[in-house]
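Spelled out from the first residue to the last, the chains are:
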Amino acid sequence: MAELAKTPLHDWHAAHGGRMVDFAGWSMPVQYTSIVEEHIATRTAAGLFDISHMGRLLVGGDDAEGFLDGLFTRRVTDLSPSQIRYSLVCNESGGVLDDVLVYRMTTNDTRREPTGFGLVVNADNREKIVAHLKQHAEGKAVDLEDITHEWAMMALQGPRAIELLDPLVEHELTSLRYYNGVMTPFAEVGGCYVSRTGYTGEDGCEVICEAAAAPTIWETLHKAATDAGGMAVGLGARDTLRLEAGMPLYGHELSEEINPIQAGLAFAVNLKDRTFVGSEAMAAAGKNKTQAVRVGLQLDGKRVAREGSVVLQGGEQVGEVTSGTFSPTLQRPLAMAMLKPTAAAAGTHLAVDIRGQQHDAHVAPLPFYTRGQA
């Protein structure tokens, strides 16, 4: 059995009560105290996440822009310097290989800032995406570098995240627009890339830095967060936070068998005046009114519907749950599901089979939670 990969912050997690688990081949903390406590701290103050397991790739070369534009569902050619865009990588049939962040990097040689494009991909899919990129790069002037193990990545999320991080970096973060990033010195450590992005439904930033600088940056951020009532947060609360915010997770609401239109991600598909891998299939999917679609479910009572739970309407199966949890913020069971379109309208009354018993539920608009509700 292969040894699990470790992030540059692994020793800190182990020394501070992190319950370590195997996640996509990495030893990662699922929680430190309780998932609920960490979840609430993020919603009310600030949560600090180690996300160094996520894949980080650099793509450069004369053909890089057109190359990526031919692979991603969202247009790359109009990305401004420092802008970041959520996009999808699909196969020819329109199924999702991964959802990714695409960064248009800017040039600043004095701060060792990378040029070209940066990509952040899911840990489970990194090797698949690297192989996909290499396959399509043959014969093109494209340079691909996987810096996942040389650089670290962490996220500070929550209503106080920006005010806590801002004094620690040279660039003024309150003016940094959402889905933009900047290379900036961090305290006395050196340069890091700070982006106003996240996966919790809260404001905040993600920080990419060289692996050697990660422990110092983490300790600084952790002190700032804990002084403000926040804490370090594991993968468990990361999942409950993203589910409340209605964000899909690869392997649950996204897969090679689910296209972006079904997943409710039509905003991330730019079909006009361009072609990319899977674009023909996606154009057809946009006209298909019979395919299952992603919806939110709110359940009565306290029982939680887990992945795979059957969803029924009038005693007939109309779909199944893809993710479910008990919402610490809203204090009720929530789920996302793939349902037949005839059962997908908001307010539709359904039942969910949980261990052989049917529990009332109804279709609820996504997201369940929007910033400022806590």
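This report concerns the structure included in the present document. (Residues numbered from 1 in each chain as written. Predicted model: local features only at pLDDT ≥ 70, side-chain atom pairs only at ≥ 80, totals over all residues. Heavy atoms only, no water.)

## Topic: empty space enclosed by the protein
On inspection of all chains with the given rule, the structure shows 1 cavity of 30 Å³ or more. What lines the largest cavity is Met 28, Pro 29, Phe 49, Asp 50, Val 233, Gly 234, Leu 235 and Arg 238. Those elements that place two or more of their residues in the lining of the largest cavity are β3 (26-31), β4 (47-50) and α7 (235-244). A per-class count over the lining of the largest cavity returns 5 nonpolar, 1 polar and 2 charged. (1 Å grid on protein atoms, 1.4 Å probe; cavity = no way out; pocket = protein on both sides within 12 Å on 5 of 7 lines; lining within 4 Å. Points joined across faces, edges and corners; volume = space filled by probe spheres on them. Helix = DSSP H or I, 4+ residues; strand = E, 2+ residues; numbered from the N terminus. Nonpolar A, V, L, I, M, F, W, Y, C, P; charged D, E, K, R; others polar.)

## Observations regarding the nonpolar core
Ranked by size, the top nonpolar core spans 35 residues in total, and within it Tyr 86, Leu 88, Tyr 103, Val 120, Ile 208 and Leu 254 carry the most contacts. Looking at this core, the elements that each hand over two or more residues are β6 (84-90), β7 (96-104), β10 (151-157), β14 (231-233) and α7. For this core, the leading source of residues is β6, giving 4 residues. Those residues within four positions of Ile 208 in sequence are excluded, and the remaining contacts are Arg 56, Tyr 103, Val 120, Trp 151, Ala 152, Met 153, Cys 192 and Tyr 193. In terms of nonpolar packing, the next biggest core, distinct from the first, is built from 32 residues, Leu 156, Ala 161, Val 182 and Val 207 among them. (Core = buried A, V, L, I, M, F, W, Y, C linked by side-chain atoms within 4.5 Å. Buried < 20%, exposed > 50% of the residue type's maximum accessible area, 1.4 Å probe, protein only. Contact = heavy atoms within 4.5 Å.)

## Describing the environment of Val 59
For Val 59, the location among the structural elements is in strand β5 (residues 55-60). Linking Val 59 and Arg 104, residues 45 residues apart in sequence, is a C-alpha distance of 9.9 Å.

## Details of the sheet that holds strand β13 (residues 204-210)
Across the sheet, 6 strands lie side by side as β11-β12-β13-β10-β4-β14; this open sheet has mixed pairing. Unpaired on one side and paired on the other, β11 (181-186) and β14 mark the two borders of the sheet. Going from strand to strand, the sheet's axes swing by 30° on average, the running direction of each strand aside. Inspection of the sheet shows β4 paired to β14 by 3 bridges, in the parallel sense. By the bridge assignment for β14, Phe 49 is matched with Val 233. Against the sheet, helix α2 (residues 35-44) contacts β4, β10 and β14, and its axis sits at roughly 115° relative to β14. Lying over the sheet, helix α6 (residues 214-227) contacts β4, β10, β11, β13 and β14, oriented at roughly 10° with respect to β10. (Pairing = 2+ DSSP bridges. Axes fitted to C-alpha atoms, helices over the stretch in contact; angles between N-to-C directions.)

## With respect to the pattern of salt bridges
Applying the stated criterion to the full structure yields 12 salt bridges. Among the ionic pairs, Arg 242 bridges to Glu 253, the shortest N-O distance being 3.0 Å. A residue pair is termed long-range when its members are at least 10 positions apart, and Arg 242 in helix α7 and Glu 253 in the loop between α7 and α8 (279-285) qualify at 11 residues. For the pair shown, Arg 242 and Glu 253 are each scored as buried. By sharing partners, the salt bridges in this structure join Arg 43, Glu 202 and Glu 244 into a single network. (Salt bridge = Lys/Arg side-chain N within 4 Å of Asp/Glu carboxyl O.)

## Here we look at the packing of α2 against α7
The geometry of α2 relative to α7 is characterised by a closest axis approach of 8 Å and an angle of 55° between their N-to-C directions. One way to sum up the angle between α2 and α7 is to call them oblique. Considering only the axes of α2 and α7, their crossing is right-handed. In this structure, α2 uses Ile 35, Glu 38, His 39, Thr 42 and Arg 43 to contact α7, whose residues at the interface are Gly 236, Ala 237, Thr 240, Leu 241 and Glu 244. (Parallel < 35°, antiparallel > 145°, perpendicular 65-115°, else oblique. Left-handed = near helix turned anticlockwise from the far one by under 90°.)

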